[in-house]
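For reference, the chains in residue letters:
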Amino acid sequence: MLGRAWVSAYAEQDEVFVSPDDLIGKILRCRGIADAAAQEKFLNPSIKEYMPDPSVLRDMDAAARTIADCVVAGDKIAIYGDYDVDGVTSTAIFVKYLRAIGCDVMWHLPTREGEGYGLNTAAVDEIAAAGARLLITVDCGISGAAEVARAKSHGMRVVVTDHHSPDSELPAADAVVNPKRADDTAGMQYLAGVGVAFLTLVALNRELKKSAPAPMQEKIAAVNLLNYLDFVALGTICDTMPLVGLNRAFVATGLKVLGLRQNLGLRVLMDVAGIKKPSVYAAGFALGPRLNAAGRLDSAAPALELLLTDNTLIAYDLAGRLHKMNQDRIDIQNAIMLRANEMAAAAAPGNCSLFVCGENWHGGVMGIIAGRLKDKYNLPACVATKSDGVINGSGRSVAGVDLGRIIHEALAAGIAKEGGGHAAAAGFTLEADKEDAFREFLERSARAQLDGQPPACEVMVDAELDAGGANMRLVNLMGALEPFGQGNPEPTLVLRGGRLKSAVVMGGGAHLRGTLATSAGTTLAFVGFNLVGTPVGDFLLDDANTNTTITVLGRLKENEYNGRVSAQFFLEDIAV
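This one's a predicted model, so the numbers in the text were calculated from it and none came from an experiment. (Residues numbered from 1 in each chain as written. Predicted model: local features only at pLDDT ≥ 70, side-chain atom pairs only at ≥ 80, totals over all residues. Heavy atoms only, no water.)

Caption draft 1: View of the pattern of salt bridges. Applying the stated criterion across every chain yields a total of 25 salt bridges. Note that Arg555 and Glu572 form a salt bridge whose closest N and O atoms lie 2.6 Å from each other. Of this pair, Arg555 sits in strand β17 (residues 549-561) while Glu572 sits in strand β18 (residues 564-575); the two residues are 17 residues apart in sequence, bridging distant segments of the chain. Among the charged side chains, a salt-bridge network with shared partners connects Glu359, Lys386, Glu435, Asp436 and Arg439. (Salt bridge = Lys/Arg side-chain N within 4 Å of Asp/Glu carboxyl O. Helix = DSSP H or I, 4+ residues; strand = E, 2+ residues; numbered from the N terminus.)

Here it is in C-alpha coordinates:
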(Lines give C-alpha, C1' and ligand atoms only; values in the text may rest on other atoms or scores of the structure.)
Protein backbone atom coordinates (compact mmCIF):
# COMPACT_ATOMS: atom_id res chain seq x y z
CA MET A 1 0.00 0.00 0.00
CA LEU A 2 3.00 2.34 0.47
CA GLY A 3 4.28 1.66 -3.04
CA ARG A 4 7.26 -0.53 -2.18
CA ALA A 5 7.88 -3.94 -3.72
CA TRP A 6 8.10 -6.76 -1.19
CA VAL A 7 11.00 -8.87 -2.41
CA SER A 8 11.76 -12.36 -1.17
CA ALA A 9 15.25 -12.92 0.16
CA TYR A 10 15.11 -16.49 -1.17
CA ALA A 11 15.95 -17.71 -4.65
CA GLU A 12 13.08 -20.23 -4.87
CA GLN A 13 9.62 -18.82 -4.39
CA ASP A 14 8.32 -22.04 -2.80
CA GLU A 15 10.79 -21.57 0.08
CA VAL A 16 9.37 -18.24 1.18
CA PHE A 17 6.44 -19.50 3.25
CA VAL A 18 7.97 -21.23 6.28
CA SER A 19 7.04 -22.73 9.61
CA PRO A 20 8.45 -21.11 12.77
CA ASP A 21 10.74 -24.10 13.40
CA ASP A 22 12.44 -23.65 10.01
CA LEU A 23 12.75 -19.88 10.23
CA ILE A 24 16.20 -19.42 11.84
CA GLY A 25 17.99 -21.85 9.56
CA LYS A 26 16.43 -20.32 6.46
CA ILE A 27 17.32 -16.78 7.49
CA LEU A 28 20.92 -17.78 8.17
CA ARG A 29 21.24 -19.56 4.82
CA CYS A 30 19.71 -16.55 3.11
CA ARG A 31 22.37 -14.33 4.72
CA GLY A 32 25.19 -16.50 3.44
CA ILE A 33 25.73 -18.58 6.60
CA ALA A 34 25.12 -22.04 5.25
CA ASP A 35 27.13 -24.76 7.00
CA ALA A 36 26.37 -25.97 10.49
CA ALA A 37 29.69 -24.85 12.04
CA ALA A 38 29.30 -21.28 10.73
CA GLN A 39 25.71 -21.16 11.98
CA GLU A 40 26.75 -22.39 15.43
CA LYS A 41 29.46 -19.72 15.62
CA PHE A 42 27.04 -17.01 14.48
CA LEU A 43 24.43 -18.00 17.05
CA ASN A 44 27.01 -17.97 19.86
CA PRO A 45 29.02 -14.77 19.28
CA SER A 46 31.63 -15.06 22.01
CA ILE A 47 34.84 -13.06 22.20
CA LYS A 48 36.74 -16.34 22.61
CA GLU A 49 35.45 -17.59 19.25
CA TYR A 50 35.86 -14.38 17.26
CA MET A 51 38.86 -12.60 18.79
CA PRO A 52 41.90 -12.73 16.50
CA ASP A 53 45.55 -12.21 17.37
CA PRO A 54 45.80 -8.40 17.05
CA SER A 55 49.07 -8.88 15.17
CA VAL A 56 47.09 -9.86 12.06
CA LEU A 57 46.51 -6.13 11.53
CA ARG A 58 49.28 -4.40 9.61
CA ASP A 59 51.64 -2.33 11.80
CA MET A 60 50.00 -3.56 15.01
CA ASP A 61 53.21 -4.95 16.49
CA ALA A 62 55.05 -1.70 15.72
CA ALA A 63 52.22 0.28 17.34
CA ALA A 64 52.28 -1.86 20.49
CA ARG A 65 56.08 -1.59 20.80
CA THR A 66 56.08 2.17 20.22
CA ILE A 67 53.41 2.81 22.86
CA ALA A 68 54.98 0.33 25.32
CA ASP A 69 58.39 2.01 24.97
CA CYS A 70 56.86 5.38 25.86
CA VAL A 71 54.86 3.89 28.75
CA VAL A 72 57.97 2.25 30.23
CA ALA A 73 59.98 5.47 29.75
CA GLY A 74 57.34 7.46 31.66
CA ASP A 75 56.65 9.75 28.69
CA LYS A 76 53.56 11.93 28.62
CA ILE A 77 51.05 10.48 26.14
CA ALA A 78 48.32 12.37 24.25
CA ILE A 79 45.19 10.68 22.88
CA TYR A 80 43.58 12.55 19.98
CA GLY A 81 40.02 11.46 19.15
CA ASP A 82 36.90 12.55 17.32
CA TYR A 83 33.73 14.29 18.51
CA ASP A 84 31.26 11.47 17.71
CA VAL A 85 30.43 8.45 19.88
CA ASP A 86 32.97 6.26 18.10
CA GLY A 87 35.72 8.81 18.70
CA VAL A 88 34.69 9.53 22.30
CA THR A 89 34.54 5.84 23.27
CA SER A 90 37.87 5.19 21.49
CA THR A 91 39.46 8.00 23.49
CA ALA A 92 37.85 6.78 26.71
CA ILE A 93 39.22 3.23 26.55
CA PHE A 94 42.77 4.46 25.88
CA VAL A 95 42.67 7.10 28.62
CA LYS A 96 41.15 4.68 31.14
CA TYR A 97 43.73 2.00 30.42
CA LEU A 98 46.73 4.33 30.51
CA ARG A 99 45.53 5.98 33.73
CA ALA A 100 44.93 2.56 35.30
CA ILE A 101 48.55 1.54 34.77
CA GLY A 102 49.88 4.87 36.07
CA CYS A 103 50.70 6.79 32.87
CA ASP A 104 50.77 10.55 32.43
CA VAL A 105 48.04 10.91 29.82
CA MET A 106 46.18 13.86 28.27
CA TRP A 107 43.45 13.92 25.63
CA HIS A 108 42.09 16.20 22.94
CA LEU A 109 38.76 16.10 21.12
CA PRO A 110 38.36 18.71 18.34
CA THR A 111 35.27 20.90 18.19
CA ARG A 112 33.00 20.27 15.21
CA GLU A 113 32.41 23.93 14.38
CA GLY A 114 35.81 25.37 15.34
CA GLU A 115 38.40 22.74 14.46
CA GLY A 116 36.45 20.28 12.36
CA TYR A 117 37.08 16.57 11.95
CA GLY A 118 40.54 15.07 12.34
CA LEU A 119 43.96 16.31 13.28
CA ASN A 120 44.71 20.02 13.07
CA THR A 121 48.04 21.82 13.30
CA ALA A 122 47.11 24.18 16.13
CA ALA A 123 46.04 21.30 18.36
CA VAL A 124 49.20 19.34 17.53
CA ASP A 125 51.28 22.38 18.51
CA GLU A 126 49.40 22.70 21.82
CA ILE A 127 49.88 18.99 22.57
CA ALA A 128 53.61 19.32 21.91
CA ALA A 129 53.80 22.44 24.09
CA ALA A 130 52.12 20.50 26.92
CA GLY A 131 55.04 18.10 26.90
CA ALA A 132 53.56 15.05 25.20
CA ARG A 133 56.18 12.71 23.75
CA LEU A 134 53.72 10.34 22.07
CA LEU A 135 50.58 11.16 20.06
CA ILE A 136 48.03 8.38 19.55
CA THR A 137 45.12 9.07 17.22
CA VAL A 138 41.87 7.12 17.58
CA ASP A 139 39.06 7.12 14.99
CA CYS A 140 41.01 9.70 12.99
CA GLY A 141 44.47 10.53 11.64
CA ILE A 142 44.58 8.48 8.44
CA SER A 143 44.17 11.64 6.33
CA GLY A 144 46.42 13.79 8.54
CA ALA A 145 49.76 13.45 6.74
CA ALA A 146 50.69 17.12 7.24
CA GLU A 147 49.67 17.13 10.90
CA VAL A 148 51.55 13.89 11.60
CA ALA A 149 54.63 15.45 9.98
CA ARG A 150 54.14 18.47 12.23
CA ALA A 151 54.01 16.26 15.31
CA LYS A 152 57.19 14.48 14.20
CA SER A 153 58.91 17.86 13.73
CA HIS A 154 58.20 18.55 17.41
CA GLY A 155 60.04 15.35 18.29
CA MET A 156 56.89 13.37 19.11
CA ARG A 157 56.38 9.75 18.18
CA VAL A 158 53.02 9.12 16.48
CA VAL A 159 50.75 6.07 16.32
CA VAL A 160 47.69 6.35 14.08
CA THR A 161 44.70 4.05 14.73
CA ASP A 162 41.74 4.62 12.43
CA HIS A 163 39.11 2.88 10.31
CA HIS A 164 38.36 5.51 7.67
CA SER A 165 39.46 5.07 4.07
CA PRO A 166 43.11 6.06 3.56
CA ASP A 167 44.41 8.52 1.00
CA SER A 168 46.82 7.24 -1.65
CA GLU A 169 49.72 8.01 0.71
CA LEU A 170 49.73 7.03 4.38
CA PRO A 171 50.92 9.45 7.09
CA ALA A 172 54.60 8.98 7.99
CA ALA A 173 53.81 7.86 11.55
CA ASP A 174 55.74 5.33 13.62
CA ALA A 175 52.81 2.97 13.06
CA VAL A 176 49.54 3.19 11.14
CA VAL A 177 46.91 0.65 12.21
CA ASN A 178 43.90 0.69 9.89
CA PRO A 179 42.16 -2.41 8.51
CA LYS A 180 41.34 -0.43 5.35
CA ARG A 181 45.01 -0.07 4.41
CA ALA A 182 45.56 -1.48 0.93
CA ASP A 183 48.29 -3.76 2.30
CA ASP A 184 46.25 -5.01 5.28
CA THR A 185 45.07 -8.58 4.69
CA ALA A 186 43.26 -9.19 8.01
CA GLY A 187 39.83 -8.81 6.40
CA MET A 188 38.43 -6.64 9.22
CA GLN A 189 37.46 -3.55 7.24
CA TYR A 190 34.13 -3.64 9.08
CA LEU A 191 35.65 -2.55 12.43
CA ALA A 192 34.69 0.77 14.00
CA GLY A 193 37.39 3.11 15.23
CA VAL A 194 36.80 1.88 18.77
CA GLY A 195 37.23 -1.71 17.59
CA VAL A 196 40.64 -0.86 16.13
CA ALA A 197 41.54 1.01 19.33
CA PHE A 198 40.51 -1.96 21.48
CA LEU A 199 42.63 -4.40 19.46
CA THR A 200 45.54 -1.98 19.83
CA LEU A 201 45.05 -2.02 23.61
CA VAL A 202 45.03 -5.83 23.59
CA ALA A 203 48.34 -5.82 21.70
CA LEU A 204 49.76 -3.13 24.01
CA ASN A 205 48.68 -5.01 27.12
CA ARG A 206 50.43 -8.14 25.84
CA GLU A 207 53.59 -6.18 25.01
CA LEU A 208 53.67 -4.50 28.43
CA LYS A 209 53.36 -7.86 30.19
CA LYS A 210 56.69 -8.71 28.55
CA SER A 211 58.50 -5.36 28.86
CA ALA A 212 57.08 -3.31 31.74
CA PRO A 213 59.03 -3.08 35.02
CA ALA A 214 57.90 -5.11 38.02
CA PRO A 215 56.14 -2.20 39.85
CA MET A 216 53.88 -1.70 36.82
CA GLN A 217 53.08 -5.39 36.33
CA GLU A 218 50.68 -5.48 39.28
CA LYS A 219 48.67 -2.58 37.80
CA ILE A 220 48.63 -4.24 34.38
CA ALA A 221 47.41 -7.51 35.89
CA ALA A 222 44.55 -5.66 37.63
CA VAL A 223 43.12 -4.40 34.32
CA ASN A 224 40.41 -6.52 32.69
CA LEU A 225 40.06 -5.26 29.12
CA LEU A 226 36.71 -7.04 28.74
CA ASN A 227 35.25 -4.41 31.06
CA TYR A 228 35.80 -1.85 28.29
CA LEU A 229 33.52 -3.69 25.88
CA ASP A 230 30.49 -1.59 26.84
CA PHE A 231 32.34 1.35 25.26
CA VAL A 232 33.33 -0.77 22.25
CA ALA A 233 29.72 -1.85 21.71
CA LEU A 234 28.47 1.73 21.95
CA GLY A 235 30.97 3.07 19.43
CA THR A 236 30.37 0.20 17.02
CA ILE A 237 26.58 0.54 17.12
CA CYS A 238 26.53 4.34 16.91
CA ASP A 239 28.93 4.41 13.97
CA THR A 240 26.52 2.04 12.17
CA MET A 241 29.22 -0.54 11.54
CA PRO A 242 28.04 -3.94 10.27
CA LEU A 243 27.37 -6.37 13.11
CA VAL A 244 29.28 -9.22 11.53
CA GLY A 245 32.43 -11.11 12.52
CA LEU A 246 34.27 -9.65 15.48
CA ASN A 247 31.83 -6.73 15.69
CA ARG A 248 29.06 -9.20 16.49
CA ALA A 249 31.05 -10.53 19.43
CA PHE A 250 32.01 -7.02 20.55
CA VAL A 251 28.38 -5.92 20.66
CA ALA A 252 26.91 -9.13 22.11
CA THR A 253 29.46 -9.15 24.95
CA GLY A 254 29.50 -5.36 25.30
CA LEU A 255 25.74 -5.21 25.90
CA LYS A 256 26.17 -7.77 28.68
CA VAL A 257 28.89 -5.58 30.24
CA LEU A 258 26.61 -2.56 29.87
CA GLY A 259 23.91 -4.51 31.70
CA LEU A 260 26.28 -4.95 34.65
CA ARG A 261 26.21 -1.13 35.01
CA GLN A 262 29.87 -1.01 36.08
CA ASN A 263 30.71 2.33 34.49
CA LEU A 264 29.32 5.14 36.64
CA GLY A 265 28.74 7.57 33.78
CA LEU A 266 26.89 5.09 31.60
CA ARG A 267 24.86 3.87 34.58
CA VAL A 268 23.68 7.41 35.33
CA LEU A 269 23.02 8.15 31.65
CA MET A 270 20.92 4.99 31.39
CA ASP A 271 18.88 6.16 34.37
CA VAL A 272 18.42 9.64 32.87
CA ALA A 273 17.36 8.12 29.53
CA GLY A 274 15.00 5.64 31.22
CA ILE A 275 16.84 2.55 29.94
CA LYS A 276 16.25 -0.58 31.99
CA LYS A 277 17.54 -3.23 29.59
CA PRO A 278 20.56 -2.62 27.33
CA SER A 279 19.98 -3.32 23.64
CA VAL A 280 21.23 -2.23 20.25
CA TYR A 281 18.17 0.02 20.03
CA ALA A 282 18.85 1.59 23.45
CA ALA A 283 22.49 2.19 22.55
CA GLY A 284 21.74 3.61 19.12
CA PHE A 285 18.65 5.69 19.86
CA ALA A 286 18.92 6.67 23.55
CA LEU A 287 22.51 6.61 24.80
CA GLY A 288 24.18 7.45 21.50
CA PRO A 289 22.21 10.62 20.72
CA ARG A 290 22.84 11.98 24.23
CA LEU A 291 26.56 11.30 24.02
CA ASN A 292 26.62 12.74 20.50
CA ALA A 293 24.69 15.88 21.44
CA ALA A 294 27.68 17.55 23.12
CA GLY A 295 29.87 17.20 20.04
CA ARG A 296 27.05 18.29 17.74
CA LEU A 297 26.27 21.53 19.57
CA ASP A 298 29.58 22.52 21.14
CA SER A 299 32.40 20.31 22.47
CA ALA A 300 32.35 16.55 23.00
CA ALA A 301 34.33 17.01 26.23
CA PRO A 302 31.30 16.53 28.57
CA ALA A 303 30.53 13.16 26.94
CA LEU A 304 34.10 11.95 27.44
CA GLU A 305 34.24 13.33 30.99
CA LEU A 306 31.03 11.42 31.79
CA LEU A 307 32.60 8.14 30.64
CA LEU A 308 35.74 8.81 32.68
CA THR A 309 34.38 10.21 35.95
CA ASP A 310 34.25 8.33 39.25
CA ASN A 311 32.30 11.10 41.01
CA THR A 312 28.56 10.52 41.34
CA LEU A 313 27.63 14.23 41.61
CA ILE A 314 29.69 15.07 38.54
CA ALA A 315 28.15 12.13 36.66
CA TYR A 316 24.58 13.32 37.33
CA ASP A 317 25.49 16.88 36.39
CA LEU A 318 27.09 15.80 33.10
CA ALA A 319 24.30 13.35 32.24
CA GLY A 320 21.72 16.07 32.87
CA ARG A 321 23.62 18.47 30.63
CA LEU A 322 23.83 15.89 27.85
CA HIS A 323 20.11 15.16 28.17
CA LYS A 324 19.31 18.88 27.85
CA MET A 325 21.73 19.28 24.93
CA ASN A 326 20.03 16.40 23.16
CA GLN A 327 16.64 18.09 23.47
CA ASP A 328 18.13 21.33 22.15
CA ARG A 329 19.61 19.36 19.28
CA ILE A 330 16.19 17.89 18.46
CA ASP A 331 14.62 21.37 18.37
CA ILE A 332 17.35 22.70 16.06
CA GLN A 333 17.18 19.60 13.90
CA ASN A 334 13.39 19.74 13.47
CA ALA A 335 13.47 23.37 12.34
CA ILE A 336 16.16 22.69 9.72
CA MET A 337 14.52 19.42 8.65
CA LEU A 338 11.39 21.22 7.48
CA ARG A 339 13.36 23.39 5.05
CA ALA A 340 15.71 20.58 3.98
CA ASN A 341 12.75 18.36 3.15
CA GLU A 342 11.19 21.11 1.00
CA MET A 343 14.45 21.46 -0.91
CA ALA A 344 14.78 17.69 -1.34
CA ALA A 345 11.21 17.37 -2.61
CA ALA A 346 11.98 19.98 -5.27
CA ALA A 347 15.01 18.06 -6.56
CA ALA A 348 14.88 16.66 -10.07
CA PRO A 349 12.81 13.44 -10.26
CA GLY A 350 14.80 10.42 -11.30
CA ASN A 351 17.97 11.62 -9.57
CA CYS A 352 20.32 9.07 -8.04
CA SER A 353 21.37 11.39 -5.19
CA LEU A 354 20.28 14.32 -3.05
CA PHE A 355 22.29 17.40 -2.09
CA VAL A 356 20.71 20.25 -0.11
CA CYS A 357 22.57 23.23 1.30
CA GLY A 358 21.29 26.03 3.54
CA GLU A 359 22.68 29.30 4.83
CA ASN A 360 24.04 29.16 8.38
CA TRP A 361 22.38 25.90 9.34
CA HIS A 362 23.80 24.31 12.49
CA GLY A 363 26.57 21.98 11.34
CA GLY A 364 26.02 19.55 14.19
CA VAL A 365 22.78 18.13 12.79
CA MET A 366 23.72 17.77 9.12
CA GLY A 367 24.40 14.05 9.42
CA ILE A 368 21.11 13.32 11.17
CA ILE A 369 19.11 15.21 8.54
CA ALA A 370 21.03 13.48 5.76
CA GLY A 371 20.05 10.16 7.32
CA ARG A 372 16.38 11.16 7.47
CA LEU A 373 16.38 12.25 3.82
CA LYS A 374 18.20 9.08 2.81
CA ASP A 375 15.52 6.98 4.51
CA LYS A 376 12.62 8.99 3.08
CA TYR A 377 13.80 9.15 -0.53
CA ASN A 378 15.88 5.95 -0.64
CA LEU A 379 18.80 7.91 -2.10
CA PRO A 380 22.32 8.79 -0.94
CA ALA A 381 21.84 12.20 0.65
CA CYS A 382 24.28 14.99 1.50
CA VAL A 383 23.19 17.95 3.65
CA ALA A 384 25.41 21.00 4.13
CA THR A 385 25.57 24.45 5.63
CA LYS A 386 27.10 27.50 3.96
CA SER A 387 28.84 30.20 5.99
CA ASP A 388 31.59 32.74 5.23
CA GLY A 389 32.20 31.33 1.78
CA VAL A 390 32.69 27.73 3.00
CA ILE A 391 30.35 24.73 2.79
CA ASN A 392 30.52 21.98 5.42
CA GLY A 393 28.36 18.91 5.14
CA SER A 394 27.66 15.31 5.97
CA GLY A 395 26.22 12.48 3.94
CA ARG A 396 24.50 9.16 4.49
CA SER A 397 24.24 6.48 1.85
CA VAL A 398 22.15 3.56 0.69
CA ALA A 399 23.26 0.07 -0.28
CA GLY A 400 25.12 0.16 -3.56
CA VAL A 401 26.66 3.61 -3.18
CA ASP A 402 30.04 4.01 -1.44
CA LEU A 403 29.83 7.60 -0.26
CA GLY A 404 33.30 7.61 1.30
CA ARG A 405 34.77 6.72 -2.07
CA ILE A 406 32.85 9.53 -3.75
CA ILE A 407 34.19 12.07 -1.26
CA HIS A 408 37.75 10.84 -1.78
CA GLU A 409 37.27 11.15 -5.55
CA ALA A 410 35.90 14.68 -5.06
CA LEU A 411 39.06 15.52 -3.10
CA ALA A 412 41.26 14.14 -5.88
CA ALA A 413 39.27 16.13 -8.45
CA GLY A 414 39.80 19.38 -6.51
CA ILE A 415 36.08 19.84 -5.84
CA ALA A 416 36.22 19.15 -2.10
CA LYS A 417 39.09 20.53 -0.04
CA GLU A 418 38.61 18.29 3.00
CA GLY A 419 36.65 15.15 3.71
CA GLY A 420 36.53 11.44 4.34
CA GLY A 421 34.40 8.64 5.64
CA HIS A 422 33.25 5.15 4.80
CA ALA A 423 30.64 3.59 2.53
CA ALA A 424 27.61 4.49 4.65
CA ALA A 425 28.62 7.93 5.95
CA ALA A 426 31.03 10.72 5.10
CA GLY A 427 31.81 14.37 5.77
CA PHE A 428 33.18 17.07 3.48
CA THR A 429 34.24 20.71 3.16
CA LEU A 430 34.33 22.78 -0.03
CA GLU A 431 34.46 26.38 -1.17
CA ALA A 432 31.04 27.96 -1.70
CA ASP A 433 31.69 28.49 -5.41
CA LYS A 434 32.05 24.70 -5.82
CA GLU A 435 28.48 23.99 -4.66
CA ASP A 436 27.06 23.25 -8.11
CA ALA A 437 30.18 21.32 -9.12
CA PHE A 438 29.85 19.11 -6.03
CA ARG A 439 26.13 18.51 -6.66
CA GLU A 440 26.87 17.43 -10.22
CA PHE A 441 29.85 15.29 -9.16
CA LEU A 442 27.78 13.54 -6.47
CA GLU A 443 24.98 12.80 -8.91
CA ARG A 444 27.33 11.58 -11.64
CA SER A 445 29.28 9.36 -9.23
CA ALA A 446 26.20 7.89 -7.53
CA ARG A 447 24.57 7.23 -10.92
CA ALA A 448 27.71 5.43 -12.10
CA GLN A 449 27.78 3.21 -9.00
CA LEU A 450 24.08 2.43 -9.47
CA ASP A 451 24.48 1.65 -13.20
CA GLY A 452 22.34 4.60 -14.16
CA GLN A 453 19.21 3.68 -12.22
CA PRO A 454 17.90 5.11 -8.92
CA PRO A 455 17.81 2.50 -6.15
CA ALA A 456 14.77 0.28 -6.36
CA CYS A 457 12.01 1.14 -3.89
CA GLU A 458 11.73 -2.24 -2.29
CA VAL A 459 11.94 -4.04 1.01
CA MET A 460 13.59 -7.42 1.50
CA VAL A 461 11.39 -10.03 3.18
CA ASP A 462 13.09 -12.72 5.27
CA ALA A 463 10.07 -15.01 5.48
CA GLU A 464 6.30 -15.36 5.13
CA LEU A 465 4.34 -17.04 7.89
CA ASP A 466 0.78 -17.62 8.90
CA ALA A 467 -0.20 -14.91 11.40
CA GLY A 468 -1.16 -17.65 13.86
CA GLY A 469 2.52 -18.48 14.32
CA ALA A 470 3.43 -14.96 15.42
CA ASN A 471 3.76 -15.43 19.16
CA MET A 472 6.30 -15.25 21.99
CA ARG A 473 7.75 -18.61 21.02
CA LEU A 474 8.71 -17.15 17.64
CA VAL A 475 10.06 -13.99 19.30
CA ASN A 476 12.29 -16.15 21.50
CA LEU A 477 13.43 -18.21 18.52
CA MET A 478 14.45 -15.09 16.61
CA GLY A 479 16.30 -13.81 19.67
CA ALA A 480 19.10 -16.25 18.78
CA LEU A 481 19.93 -14.00 15.79
CA GLU A 482 20.65 -10.97 17.98
CA PRO A 483 22.33 -8.54 18.16
CA PHE A 484 20.56 -6.90 15.23
CA GLY A 485 21.90 -3.88 13.43
CA GLN A 486 23.74 -2.79 10.32
CA GLY A 487 24.80 -5.91 8.40
CA ASN A 488 22.49 -8.15 10.45
CA PRO A 489 19.05 -6.53 10.25
CA GLU A 490 16.13 -7.60 12.34
CA PRO A 491 14.10 -10.10 10.28
CA THR A 492 11.35 -8.55 8.20
CA LEU A 493 8.32 -10.84 8.17
CA VAL A 494 5.16 -11.05 6.11
CA LEU A 495 2.20 -12.43 8.06
CA ARG A 496 -0.76 -13.80 6.10
CA GLY A 497 -4.30 -14.59 7.13
CA GLY A 498 -4.85 -12.06 9.90
CA ARG A 499 -8.21 -10.28 10.19
CA LEU A 500 -8.30 -6.64 11.26
CA LYS A 501 -10.11 -6.39 14.60
CA SER A 502 -9.38 -2.83 15.66
CA ALA A 503 -7.13 0.20 15.10
CA VAL A 504 -6.93 3.51 16.95
CA VAL A 505 -4.70 6.59 16.89
CA MET A 506 -2.08 7.03 19.60
CA GLY A 507 1.04 9.02 20.36
CA GLY A 508 -0.18 12.54 19.70
CA GLY A 509 -1.87 11.63 16.44
CA ALA A 510 1.02 10.33 14.34
CA HIS A 511 0.99 6.64 15.33
CA LEU A 512 -1.60 3.89 15.59
CA ARG A 513 -2.13 0.63 17.40
CA GLY A 514 -4.55 -2.22 16.94
CA THR A 515 -5.12 -5.98 16.90
CA LEU A 516 -5.38 -8.79 14.37
CA ALA A 517 -7.38 -12.00 14.80
CA THR A 518 -5.27 -15.01 13.75
CA SER A 519 -6.03 -18.50 12.45
CA ALA A 520 -4.86 -19.89 15.79
CA GLY A 521 -7.78 -18.23 17.55
CA THR A 522 -5.45 -15.66 19.17
CA THR A 523 -5.09 -11.91 18.81
CA LEU A 524 -1.87 -10.21 17.78
CA ALA A 525 -1.28 -6.63 18.89
CA PHE A 526 0.38 -4.27 16.42
CA VAL A 527 1.73 -0.73 16.40
CA GLY A 528 2.40 1.46 13.37
CA PHE A 529 4.67 4.45 13.77
CA ASN A 530 4.11 7.55 11.59
CA LEU A 531 1.40 5.75 9.61
CA VAL A 532 -1.51 8.09 10.39
CA GLY A 533 -2.24 10.07 7.23
CA THR A 534 -0.77 7.43 4.94
CA PRO A 535 -2.79 4.96 2.82
CA VAL A 536 -2.04 2.28 5.44
CA GLY A 537 -3.34 4.44 8.27
CA ASP A 538 -6.42 5.49 6.31
CA PHE A 539 -7.31 1.86 5.60
CA LEU A 540 -6.76 0.56 9.12
CA LEU A 541 -8.66 3.38 10.80
CA ASP A 542 -11.70 3.03 8.52
CA ASP A 543 -14.38 1.10 10.46
CA ALA A 544 -15.69 -0.31 7.18
CA ASN A 545 -12.54 -2.44 6.94
CA THR A 546 -13.00 -4.22 10.28
CA ASN A 547 -12.81 -8.03 9.83
CA THR A 548 -11.03 -7.65 6.48
CA THR A 549 -8.26 -10.21 5.96
CA ILE A 550 -4.99 -8.38 5.37
CA THR A 551 -1.35 -9.27 4.83
CA VAL A 552 1.06 -7.30 6.99
CA LEU A 553 4.77 -6.57 6.72
CA GLY A 554 6.99 -5.64 9.64
CA ARG A 555 8.94 -7.00 12.60
CA LEU A 556 7.85 -9.13 15.54
CA LYS A 557 9.10 -8.01 18.95
CA GLU A 558 8.66 -8.60 22.66
CA ASN A 559 6.42 -6.11 24.42
CA GLU A 560 6.43 -5.69 28.19
CA TYR A 561 3.56 -3.82 29.84
CA ASN A 562 2.63 -3.86 33.53
CA GLY A 563 4.85 -6.90 34.07
CA ARG A 564 3.18 -8.88 31.26
CA VAL A 565 5.27 -9.98 28.27
CA SER A 566 3.64 -10.58 24.90
CA ALA A 567 4.40 -10.56 21.19
CA GLN A 568 3.78 -7.32 19.30
CA PHE A 569 4.03 -6.66 15.59
CA PHE A 570 5.73 -3.45 14.44
CA LEU A 571 3.73 -2.87 11.29
CA GLU A 572 5.40 -1.10 8.35
CA ASP A 573 3.10 -1.82 5.39
CA ILE A 574 0.03 -3.85 4.42
CA ALA A 575 -1.40 -5.55 1.36
CA VAL A 576 -5.08 -6.25 0.88
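Still more ground to cover, so stick around.
Caption draft 2: Spotlight on the packing of aromatic side chains. Applying the stated criterion to the full structure yields six aromatic pairs. Ring geometry for Phe355 versus Phe428: centroids 6.3 Å apart, planes at 55°, classification tilted. Taken together, the residues span a long stretch of sequence, with Phe355 in strand β7 (residues 354-359) and Phe428 in strand β11 (residues 425-431) at a distance of 73 residues. Of the two residues, Phe355 and Phe428, both sit in the buried class. Here Phe355 and Phe438 contribute two aromatic rings whose centre-to-centre distance is 5.2 Å and whose plane-to-plane angle is 65°, an arrangement assigned as edge-to-face. Highlighted residues: Phe355 in strand β7 and Phe438 in helix α18 (residues 435-449), separated in sequence by 83 residues. Here Phe355 matches Phe438 in class, with each residue buried. An aromatic cluster of three or more residues is present, and its members are Phe355, Phe428 and Phe438. Taking the ring centre of Phe42 as reference, the NZ or CZ of Arg248 above it sits at 3.6 Å. (Phe/Tyr/Trp six-rings, centres within 6.5 Å; stacked < 30°, edge-to-face > 60°. Buried < 20%, exposed > 50% of the residue type's maximum accessible area, 1.4 Å probe, protein only. Lys NZ or Arg CZ within 6 Å of the ring centre and 35° of its normal.)

Caption draft 3: Representation of unusual backbone geometry within the structure. A cis amide bond links Glu482 with the next residue in sequence, Pro483, at an omega value of 5°. Looking at the element boundaries, Pro483 is found in the loop between α19 (472-478) and β14 (493-506). The phi dihedral of Asn360 falls on the positive side, at around 55°, and the residue is not glycine. With respect to the element layout, Asn360 can be found in the loop between β7 and α16 (366-377). The backbone phi angle of Asp451 is positive, close to 55°, even though this residue is not glycine. Tracing the backbone through its elements, the reader meets Asp451 in the loop between α18 and β12 (458-461). Residue classification places Asp451 among the exposed residues on the basis of a relative accessible area of 70%.

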